[in-house]
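Residue-level listing of the chains:
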Amino acid sequence: DTAVSQTPKYLVTQMGNDKSIKCEQNLGHDTMYWYKQDSKKFLKIMFSYNNKELIINETVPNRFSPKSPDKAHLNLHINSLELGDSAVYFCASSATRLAGVYEQYFGPGTRLTVT
Amino acid sequence: DAKTTQPPSMDCAEGRAANLPCNHSTISGNEYVYWYRQIHSQGPQYIIHGLKNNETNEMASLIITEDRKSSTLILPHATLRDTAVYYCIIPNDYKLSFGAGTTVTVRA
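The rules behind the values
Residues numbered from 1 in each chain as written. Chains lettered and ligands numbered in written order. Predicted model: local features only at pLDDT ≥ 70, side-chain atom pairs only at ≥ 80, totals over all residues. Heavy atoms only, no water. Pairing = 2+ DSSP bridges. Helix = DSSP H or I, 4+ residues; strand = E, 2+ residues; numbered from the N terminus. Axes fitted to C-alpha atoms, helices over the stretch in contact; angles between N-to-C directions. Contact = heavy atoms within 4.5 Å. Buried area = accessible area lost by both parts, 1.4 Å probe. Salt bridge = Lys/Arg side-chain N within 4 Å of Asp/Glu carboxyl O. Polar contact = N/O pair within 3.5 Å; in protein donor to acceptor, adjacent residues only side chain to side chain. Nonpolar A, V, L, I, M, F, W, Y, C, P; charged D, E, K, R; others polar.

S.K.: Please set out the sheet that holds strand E7 (residues 70-75) of chain B residue by residue, giving values where relevant.
M.R.: Residue and element names in this part refer to chain B. Spatial strand order, E2-E7-E6-E5: four strands in an open sheet with antiparallel pairing. The open sheet has two edge strands, strand E2 (18-23) and strand E5 (55-56), and neither has a second partner. In this structure, E2 lies alongside E7, joined through six bridges in antiparallel fashion. Residue pairing in the sheet places Asn23 in a bridge with Ser70 of E7.

As structure tokens, this is what we get:
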């Protein structure tokens, strides 16, 4: 019973390609997030959706486009992949109640390698 | 955003308590202190959070000083599986901002 799942776990692709990473949560949460962890291991938020509405959009190239078809899913589509996009991408979810939004549950990560 | 300062690394003996300090001198009155950890190659894991009072759950205890300028995460009986990077975070605006954290190595 995986709470937050991501597919694929590993993704190797060439520069210029377009790829998607999928995320699903079965916790009944209404807020979902995408984080990027680069080679220096710093974890930074990219996007957040609450009830399918974008609420956080950090300074991320517009080649990255999140899509939330419903509350349980938040996918990340990346166009024209670049070498610098190589990183581990984590999906997370939380419930927006009091301080519960900061009690986030993370997926296992997707390791993206762009060659 | 309130910043946090943590030691970059610390070692702990298996079975002993691990005390992880965090300074957050600019924290404001309504900001919570959150702790997460990230075990190698896994996603971050929520541990505990607190506002003013000390908190305890099945994973750890959180001790917050009376002036709220610092806190200590206590792992009561560290195991090898507790080896991880531990993050002390003061979130706001719906964002968790992860710093460098403290790399904790539990040794047998």
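S.K.: Just give me the short version of the sheet that holds strand E8 (residues 84-89) of chain B, but keep the residues and values in it.
M.R.: Residues and elements named next belong to chain B. Pairing is mixed in the open sheet, where five strands are placed in the order E1-E9-E8-E3-E4. Both edges of this open sheet fall to strand E1 (9-13) and strand E4 (45-50), since each of them pairs with a single strand only. Taken over all neighbouring pairs, the strand axes of this sheet differ in orientation by 25° on average, direction set aside. In the sheet, E1 pairs with strand E9 (residues 102-107) via five bridges, with the strands oriented parallel. Following the sheet pairing, Ala13 is matched in E9 by Arg107.

S.K.: How would you explain the interface of chain A and chain B if you had to name every residue and give the values?
M.R.: Contacts between the two partners involve 20 residues from chain A, matched on the other side by 20 residues from chain B. Summed over both sides, the interface between chain A and chain B buries roughly 1600 Å², with carbon and sulfur atoms accounting for 61% of that surface. Here chain A is connected to chain B by one salt bridge. Between Lys95(B) and Glu58(A) there is a salt bridge, and its shortest N-O distance comes to 2.8 Å. Counting across the chain A and chain B interface gives four residue pairs in polar contact (both at pLDDT 80 or more). For the side of chain A that touches chain B, the leading source of residues is strand E4 (residues 31-37) of chain A, giving three residues. Residue composition of the side of chain A that touches chain B, grouped by class: 13 nonpolar, four polar and three charged.

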